[in-house]
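Listed below, chain by chain, are the residues.
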Amino acid sequence: MWKNNLIFAFCTELPIYIFLYMPVYDVVIIGSGLGGLLSAVILAKEGLHVAIVEQNKQVGGCLQTFSFDKKIFDSCVHYIGSMEDGQTQKRIFDYVGISDYLKIKKLDENCFDQIHFSEENPTFPLAQGLDNFATRLKPYFPADHEAIDSYTNLLKYTANCFPLFNLRNGLSSEKQLVSEWSLNEIMNRVQNPKLRNVLMGNNLLYAGCPDSTPFYVHALVSKSYIDSAFKCVGGSSQIARLLWRKLQEYGGAIFRKEKVCRLEEEGGLLTHAVTTSGKVFEGKRFIANIHPSNIMQMIDSKLFKSGYRNRIVNATNSIAAFMVNIVLKPGKVPYQNANYYWHRSEDSYHALKYLPGEWPANYALYFTEDPMRPGYSETVAILCYMRTSEWAPWYHTFNATVSPSARETTYREFKEQKAEQVLATVARQHSWVKEELYSMQIATPLTFRDYMGSPDGSMYGIMADARHPEMTSIPIKTKIANLFMTGQNIGLHGVLGVSINAVATCGEILGLDYILQKINN
């Protein structure tokens, strides 16, 4: 359906009236992160006229990449799970038609993640495949074989309680069986504290808090990578590019460098999305693929009660991150087909509540292989936690491609000082990080905030709380009948979590049984 829109332009003293034919979209999606892109492709594939409105130049949200010294770096997504044939992520990507075009490489089946504590040896391997996972850990814990088997069985049980994690429809009562279990409640069943902390060693993947984070967050994220773990060769932005191409094939469009500032309501329904440039996008339905607190700022509707608004605006977000991205001297550092997680403390949770003088309290290393020198690393990304208070003096500043702005010298000095601390810490275990460093760039929580849209630069947005599930659960459907939510703040985060959320969002529009039948067939 097409409709006249009257646009006013003023030249000299007389108004000039320009008539443009603008479409009325079946669905307008705000934000081109993975959730928005997948929702757009699924809906467009089913014949709906879809537009995505994106504030940045690059699409993809957390899938964005960047480059320097002709090397590509991932901004957030360093590996993806559940990508073997028949597994959930692979089946979703099969349905939208991008699996055959992805360039991915499987991480070491016997050790996709290495876990290390303090200065001690050894590193502990986390392997792919539940049986292999248990087999590889048991030699390190000869007295805990039964505990390891119980743990893997519990991962499987918990995953089966989440129907969409297995691409089937189901009852909410299934999830309720496990949804109020906290991390501490379940993990404390593992009596050996060393084993318990190894099992939690890649906690940086979901920033789990012992008393509040539901066990299912740990279980679903961990199992997705144990099922299978792959790196995106050439960067995770290929996922976004492939989805964009598919969207265009189905007649959809992405409007970049257009920041939505207002959503207009009439008669209890949204009618238009208005951008800061003055463009207007008219739609029958709207999907928000941005942080819910940002949506609250765009809508002045009595349908959103103050209690609902306050719950979203005041929701606890995850801790933020600091990253040092390094180009290595060629042919110097052997490539590791695994990721490396280090903890300053013996307690895998401690990094979340690090004390002054303990930073960085953890870090992860993510390697890429040099295509010109197989067997050697081309780059390494170092990621660690950083609290919001660390960068509070520069909270008021903003710098992104669409709105570049130089931050003051004190901010650059802050970044460089923190990067040196990170390098010094990593060098205690890996001296090559300084010896073979060719160049580097630094990303702070402000970088994540400005490019990913999380209000405080948090890694994973709103944190679920097993103690108050009703207060931290953001539903897909809203009080405005034609507004839906998707993305990492709705349900589970991560590539697989967001993909499942997108399926659920599209199910609200097209029918969940219908979409699942299409995906599964």
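Conventions we followed
Residues numbered from 1 in each chain as written. Predicted model: local features only at pLDDT ≥ 70, side-chain atom pairs only at ≥ 80, totals over all residues. Heavy atoms only, no water. Buried < 20%, exposed > 50% of the residue type's maximum accessible area, 1.4 Å probe, protein only. Helix = DSSP H or I, 4+ residues; strand = E, 2+ residues; numbered from the N terminus. Pairing = 2+ DSSP bridges. Phe/Tyr/Trp six-rings, centres within 6.5 Å; stacked < 30°, edge-to-face > 60°. Axes fitted to C-alpha atoms, helices over the stretch in contact; angles between N-to-C directions. Contact = heavy atoms within 4.5 Å. 1 Å grid on protein atoms, 1.4 Å probe; cavity = no way out; pocket = protein on both sides within 12 Å on 5 of 7 lines; lining within 4 Å. Points joined across faces, edges and corners; volume = space filled by probe spheres on them. Nonpolar A, V, L, I, M, F, W, Y, C, P; charged D, E, K, R; others polar. Parallel < 35°, antiparallel > 145°, perpendicular 65-115°, else oblique. Left-handed = near helix turned anticlockwise from the far one by under 90°. Salt bridge = Lys/Arg side-chain N within 4 Å of Asp/Glu carboxyl O. Polar contact = N/O pair within 3.5 Å; in protein donor to acceptor, adjacent residues only side chain to side chain. pLDDT = per-residue confidence, 0-100.

## Details of the pairing of strand β15 (residues 320-328)
- A large share of β15 lies buried, amounting to nine of its nine residues.
- Across eight bridges, β15 lies against strand β18 (residues 377-386) in antiparallel orientation. Across the sheet, the residue bridging to Ala321 is Tyr385, located in β18.
- Where β15 meets strand β19 (residues 437-443), six bridges bridge the pair, whose relative direction is antiparallel. Directly across from Val327, in β19, lies its bridge partner Ser439.

## Some details on the packing of aromatic side chains
- Counted under the stated rule, the structure contains 22 aromatic pairs.
- With a centroid separation of 6.4 Å and 70° between ring planes, the pair formed by Tyr25 and Phe255 is classed as edge-to-face. Note that Tyr25 is positioned in strand β2 (residues 14-30) and Phe255 in strand β11 (residues 253-255), a separation of 230 residues in sequence.
- Its relative accessible area of 6% is what places Tyr25 among the buried residues.
- Under the relative-accessibility criterion, Phe255 is labelled partly exposed at 24%.

## A word on the sheet that holds strand β9 (residues 124-126)
- In space, the seven strands of this open sheet follow the order β9-β8-β16-β17-β18-β15-β19, with mixed pairing throughout. Looking at the sheet topology across the chains shown, the edges are occupied by β9 and β19. Neighbour-to-neighbour, the strand axes of this sheet turn through a mean angle of 20°, independent of strand direction.
- Relative to the sheet, helix α12 (residues 409-427) contacts β15, β16 (339-343), β17 (362-369), β18 and β19, its axis offset from that of β15 by approximately 70°.

## A word on unusual backbone geometry
- Cis rather than trans, the peptide bond between Trp359 and Pro360 has omega equal to -5°.
- Looking at where Pro360 falls in the secondary structure, it is placed in the loop between β16 and β17.
- The backbone of Ala207 shows a phi angle near 55°, a positive value even though the residue is not glycine.
- Take Ala207: it is sitting in the loop between α7 (193-199) and α8 (215-227).
- Relative accessible area serves as the criterion here: at 1%, Ala207 is assigned to the buried category.

## Quick notes on the layout of surface pockets
- Roughly 1200 Å³ of internal volume is contained in the second largest pocket.
- For the second largest pocket, the lining is made up of 44 residues, of which Phe162, Lys175, Tyr216, Ser473 and Gly491 are closest to its centre.
- When residues of the lining of the second largest pocket are traced back to their parent elements, those giving at least two are α5 (172-176), α8, α15 (469-472) and α16 (494-510).
- A total of six residues in the lining of the second largest pocket trace back to one element, the largest contributor, which is α16.
- Residue composition of the lining of the second largest pocket, grouped by class: 23 nonpolar, 15 polar and six charged.

## Quick word on the side chain of Ser348
- Its place among the elements puts Ser348 in the loop between β16 and β17.
- Here Ser348 is in contact with Phe117, Asn197, Met200, Asn203 and His343, once residues within four sequence places are set aside.

## Overview of the packing of helix α2 (residues 88-96) against α16
- Following both chains from N to C, one finds α2 and α16 inclined at 50°, their axes separated by 10 Å at the closest point. Looking at the two axes, α2 sits oblique to α16. Here α2 and α16 pass one another in a crossing that is left-handed. Taken together, the residues of α16 that come into contact with α2 (itself represented by Thr88, Gln89, Ile92 and Phe93) are Val495, Leu496, Ser499, Ile500 and Val503.
- When the residues that make up the contact of α2 with α16 are grouped by side-chain class, the tally is six nonpolar, three polar and no charged.

## Quick word on the pattern of salt bridges
- With the rule as written, the count across this model stands at 20 salt bridges.
- Among the ionic pairs, Glu369 bridges to Lys105, the shortest N-O distance being 2.8 Å. Residue Glu369 is located in strand β17, and its partner Lys105 is located in strand β7 (residues 104-106); the two are separated by 264 residues in the primary sequence.
- Using a relative accessible area of 30% as the deciding quantity, one classes Lys105 as partly exposed.
- The partner of Lys194 in a salt bridge is Glu346, and the shortest N-O contact between them spans 2.6 Å. With Lys194 in helix α7 and Glu346 in the loop between β16 and β17, this pair connects stretches of sequence that are 152 residues apart.
- In this structure Lys194 comes out as partly exposed when scored by relative accessible area, which is 21%.

## Side note on the packing of helix α1 (residues 34-45) against helix α9 (residues 237-249)
- Remark: α1 packs on α9, axes separated minimally by 9 Å, with the N-to-C direction vectors making an angle of 25°. For the element pair α1 / α9, the angle class is roughly parallel. The crossing of α1 and α9 is left-handed. Touching Leu34, Leu37, Leu38, Ala40, Val41 and Ala44 of α1 are Ile239, Ala240, Leu243, Lys246 and Leu247, all from α9.

## Examining the side chain of Thr88
- Summarising the element assignment, Thr88 is placed in helix α2.
- Thr88 gets classed as buried once you look at its relative accessible area, which sits at 8%.
- Polar contacts involving the side chain of Thr88 include one to the main-chain carbonyl oxygen of Phe165, which spans 2.7 Å.
- When near neighbours in sequence (up to four residues on either side) are disregarded, Thr88 contacts Ser82, Leu164, Phe165, Asn166, Leu167, Leu496 and Ile500.

## What to know about the confidence of the model for the protein
- Mean pLDDT over the protein: 92, with 95% of residues reaching 70 or higher.
- The model gives residues 1-19 a pLDDT under 50, and that stretch makes 30 contacts with residues more than four places away or in other chains.

## Quick word on empty space enclosed by the protein
- Enumeration according to the criterion identifies two cavities of 30 Å³ or more in this entry.
- Phe112, Leu126, Phe133, Tyr151, Leu199, Asn202, Ser222, Tyr225 and Ile226 are the residues that line the largest cavity.
- Counting residues per element, the lining of the largest cavity draws most heavily on α8, which supplies three residues.
- Residues of the lining of the largest cavity, tallied by class, amount to seven nonpolar, two polar and no charged.
- In this model, the second largest cavity occupies a volume close to 40 Å³.
- Lining the second largest cavity are Gly201, Asn203, Leu204, Tyr341, Trp342, His343, Ser348, Asn362, Tyr363 and Tyr385.
- Those elements giving two or more residues to the lining of the second largest cavity turn out to be β16 and β17.
- Ranked by the residues each element gives to the lining of the second largest cavity, the list is headed by β16, at three residues.
- In terms of residue class, the lining of the second largest cavity is built from five nonpolar, five polar and no charged.

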